[in-house]
Amino acid sequence: MAQPQNFKNHGRFDPAFHFFLAPMTLLNLAFSIYATIHAWPGFRHTHLWWIAMSIVLFVMTGKMRSYALQNQDRIIRLEEQLRLADLLPEGKLGLVDALTIDQFIGLRFASDAELPALAARAVAENLNRKQIKALIVTWRPDNDRI
């Protein structure tokens with residue numbers, strides 16, 4: 001059985017992205033530059049096109065990952081807004097609008113019991129996600145995020 005999730009071990013890698021796509025597109029870019037240098041001036045147009053397309057693939061891979069993470073952040077914000085709406089007393093519902101996406105992302109790991117107080121503290125002290133996660137006593141795992 002895996003170790004329970006906590007502040008120290010909650011970061012995750014997506015093997016397909018981190019160990020295949022990103023390294024391969026970077027390797028493709030490096031090899032295209034190497035091949036162009038060593039084959040110059042023969043086929044220069046083809047080799048320069050290869051470098052350009054390697055850059056496109058590398059940037060596209062990074063943007064793909066970035067869009068997926070931004071979408072997850074928006075979903076987390078919505079989930080935590082709904083969770084806070086259930087847990088906060090009616091007089092403190094204004095906290096939901098005062099929190100930033102970064103703070104919602106940190107708060108997702110807080111247990112229901114400590115979430116209202118931690119949300120108020122996050123707004124009052126303008127805490128970032130890392131500071132919020134460090135303050136969590138009872139960790140609520142999020143095993144679905146990659």
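For the structure given in this document, a descriptive report is provided here. Along each chain, numbering runs from 1 in the same order as the chain's sequence is written. The predicted nature of this model means local features are confined to residues of pLDDT at least 70 and side-chain atom pairs, given and counted, to a pLDDT of 80 or more, with totals for whole chains, interfaces and linings taken over all residues. Only hydrogens and water are set aside when side-chain values are computed; all heavy atoms of the structure are taken into account.

## Quick look at helix H1 (residues 15–39)
Okay, step 1: Taking 1.5 Å per residue, 25 residues should reach 36 Å; H1 reaches 34 Å between its end C-alpha atoms and fits that length.
Okay, step 2: Of all the bends in H1, the greatest, near 25°, is centred on Pro23.
Okay, step 3: The buried label goes to any residue with under 20% of its type's maximum accessible area, the exposed label to any with over 50%, and the partly exposed label to all in between, with areas taken from a 1.4 Å probe on protein chains only. Helix and strand definitions here come from DSSP, where helices need a minimum of 4 consecutive H or I residues and strands a minimum of 2 consecutive E residues; each element is numbered from the N-terminal end. Inspection of H1 places Phe17, Thr25, Leu29, Ser32, Ala35 and Thr36 among the buried residues, and these make up the whole buried set.
Okay, step 4: Residues are treated as being in contact if the distance between any of their heavy atoms lies within 4.5 Å. Those residues of H1 hidden inside the fold are in contact with helix H2 (44–87). Any helix carries an expected span of 1.5 Å times its number of residues minus one. Take the seven residues that end at a residue and the seven that start at it, fit an axis to each, and the angle between those axes is the bend at that residue.

## Describing the side chain of Thr25
Okay, step 1: Along the chain, Thr25 falls in helix H1.
Okay, step 2: Any pair of N or O atoms that falls within 3.5 Å is considered a polar contact. Within protein, one atom must be able to donate a hydrogen and the other to accept it, and sequence-neighbouring residues count only if both atoms are side-chain atoms. Separated by 3.0 Å, the side chain of Thr25 and the backbone oxygen of Ala22 make a polar contact.
Okay, step 3: The residues contacting Thr25, other than those within four sequence positions of it, are Leu57, Phe58 and Thr61.

## Observations regarding H2
Okay, step 1: Helix length check: H2, at 44 residues, gives a terminal C-alpha distance of 64 Å against a target of 64 Å (1.5 Å per residue), a fit within 8%.
Okay, step 2: Contacts from the buried residues of H2 go to H1, helix H3 (94–98), helix H4 (101–107), helix H5 (115–125) and helix H6 (129–135).

## Points about the packing of aromatic side chains
Okay, step 1: Each pair of aromatic rings taken from Phe, Tyr and Trp, with Trp reduced to its six-membered ring, is defined by centres within 6.5 Å and is described as stacked if the planes are under 30 degrees apart, edge-to-face if over 60, and tilted in the remaining cases. One pass over the full model with this rule turns up 3 aromatic pairs.
Okay, step 2: Between Phe31 and Tyr34, the aromatic rings sit 6.2 Å apart at their centres with planes inclined by 25°, giving stacked as the arrangement. Of this pair, Phe31 and Tyr34 both sit in helix H1, 3 residues apart, which is roughly one turn of the helix.
Okay, step 3: Taking 4.6 Å as the distance between ring centres and 20° as the angle between the ring planes, the aromatic pair formed by Phe109 and Trp139 counts as stacked. With Phe109 in the loop between H4 and H5 and Trp139 in the segment after H6, the pair connects residues that are 30 residues apart, well separated along the chain. Of the two residues, Phe109 and Trp139, both sit in the buried class.
Okay, step 4: Joined through ring pairs, the aromatic side chains of Phe31, Tyr34 and Trp50 make up one cluster.
Okay, step 5: In this scheme, Lys NZ or Arg CZ marks a charge over a ring once it lies within 6 Å of the ring centre and within 35 degrees of the ring normal. In this structure, Arg65 packs its charged tip against the face of Phe17, placed 5.2 Å from the ring centre.

## Comments concerning the nonpolar core
Okay, step 1: Think of a nonpolar core as a cluster: buried Ala, Val, Leu, Ile, Met, Phe, Trp, Tyr and Cys residues, connected wherever their side-chain atoms sit within 4.5 Å. Among the nonpolar cores identified, the biggest contains 17 residues, and Leu84, Leu99, Leu107, Leu118, Ile132 and Ile136 are the most heavily contacted of them.
Okay, step 2: Looking at this core, the elements with two or more residues in it are H3, H4 and H5.
Okay, step 3: The element contributing the most residues to this core is H5, with 4 residues.
Okay, step 4: Every residue in contact with Leu99, bar those within four places of it in the chain, is listed here: Leu84, Phe104, Leu107, Ala119, Ala122 and Val123.

## Points about the pattern of salt bridges
Two side chains with opposite charge may pair up if their charged atoms get near one another.
Okay, step 1: Within this document, salt bridges are pairs made up of a side-chain nitrogen of Lys or Arg and a carboxyl oxygen of Asp or Glu, the two lying within 4 Å of each other. Taken as a whole, this structure holds 5 salt bridges when the rule is applied.
Okay, step 2: One salt bridge in this structure joins Arg83 and Glu80, with 2.7 Å as the shortest N-O distance. Residue Arg83 and its partner Glu80 are located together in helix H2, separated by 3 residues, close to a single helical turn. Each member of the pair, Arg83 as well as Glu80, carries the same accessibility label: buried.
Okay, step 3: The partner of Glu125 in a salt bridge is Arg121, with the nearest N and O atoms 3.0 Å apart. One end of the pair, Glu125, and the other, Arg121, are both in helix H5, 4 residues apart, so they sit about a helical turn from each other.
Okay, step 4: Among the residues examined, Glu125 registers a relative accessible area of 43% and is labelled partly exposed.
Okay, step 5: Connected through salt bridges with shared partners, the residues Glu80, Arg83, Asp112 and Arg140 form a single ionic network.

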